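Structural description and commentary
Here's the letter readout for the chains.
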Amino acid sequence: MSMQLSALVDDLKTTLKDAAGKFSAANDADFTRLLKAAAVTFGRKRPRTLVGSVDLVAEQSRYTAPADFMLPKAGVWGRNEQRKYKPWDNRHPGRLPGLSTVEEADTIKIVLTPAPTQNQINIISSSYEFFYFATHTLSEDAGKTTIRENDRDLLLLLATIGAMTELANSGTVNPIQLHRGMGSQSKGTTAAAWVEKLINMYEAAA
């Protein structure tokens, strides 16, 4: 099964059956949005850990996070030096900054507290390396999609939950049928009823 974004869109439409007609944005934009939102949520069950870095400036605490940044995990900058040298050695970096984040004008900033000093930068490096949890990527180039093929059904299930939630929130009360792969439900099932059932299916499968 292909992990191309367009193939995922096609399968999401198939899953939603007649309900797919409720999402009418041009160029399948609604389905793409639902899948990308599902990919972000999916990261909470299948997190990606990547290594990032920022170029340090002495006494500066805030830096722009990577584009795929989701959550901080751990800083590695200076750990070797801190273990290697005794506190009274001039090469010991002292207290290392803690890693956290803040949102500024819709941009995620990495916050280093306390801000690194020039002496620490001289001892360690001007490049601060850290581990972080990254968001998943969906692409028309299947090789760039970061969700594994064996998790494909879970991604589609999450996207279906998103679609049913939107329909329920819009006040849709007409019965909705989904593809039979979504489990057995009566023909009179509404979007709101589907949401609870699908969430239970996802939690059990994930």
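Residues numbered from 1 in each chain as written. Predicted model: local features only at pLDDT ≥ 70, side-chain atom pairs only at ≥ 80, totals over all residues. Heavy atoms only, no water.

**Description of the side chain of Arg152**
The following threshold applies: A helix here means a DSSP run of H or I that spans at least four residues, while a strand means a run of E at least two residues long, and both kinds are numbered starting from the N terminus. What makes two residues a contact is simply this: any of their non-hydrogen atoms within 4.5 Å.
Note on placement: Arg152 falls in helix H5 (residues 152–169). Excluding its chain neighbours within four sequence positions, the residues that come into contact with Arg152 are Met1, Ser2, Met3, Ala7, Leu8 and Asp11.

**Side note on the environment of Tyr202**
We apply this condition: Type-normalised accessible area, obtained with a 1.4 Å probe on protein chains alone, sets the label of each residue: buried when under 20%, exposed when over 50%, and partly exposed for intermediate values.
Following the sequence through the fold, Tyr202 ends up in helix H6 (residues 191–205). Residue classification places Tyr202 among the buried residues on the basis of a relative accessible area of 4%. Filtering out sequence-adjacent residues up to four positions away, Tyr202 remains in contact with Phe42, Lys45, Leu154, Leu157, Leu158 and Ile161.

**Points about the pairing of strand E5 (residues 107–113)**
Put simply, the rule reads: When DSSP finds two or more bridges between two strands, those strands count as paired.
Relative to E5, strand E2 (residues 62–64) runs antiparallel, the two sharing three bridges. Each bridged residue has a counterpart across the sheet, and for Tyr63 the counterpart in E5 is Ile110. Relative to E5, strand E4 (residues 98–104) runs antiparallel, the two sharing seven bridges. Pairing of Ser100 across the sheet is with Val111, part of E5. As consecutive antiparallel partners, E4 and E5 are separated by two residues, and within that stretch Ala105 has a phi angle of approximately 50°, a positive value.

**Considering the pairing of strand E6 (residues 127–134)**
With burial as the criterion, only one face of E6 is covered, namely that bearing Tyr128, Phe130, Tyr132 and Ala134; the residues Ser127, Glu129, Phe131 and Phe133 on the opposite face remain uncovered. Where strand E1 (residues 48–55) lies against E6, eight bridges are found, and the strand directions are antiparallel. Paired with Arg48 across the bridge in E6 is Ala134. By the bridge criterion, five bridges tie strand E3 (residues 69–75) to E6 in an arrangement that is antiparallel. Bridge pairing links Ala74 to Phe131 in E6.

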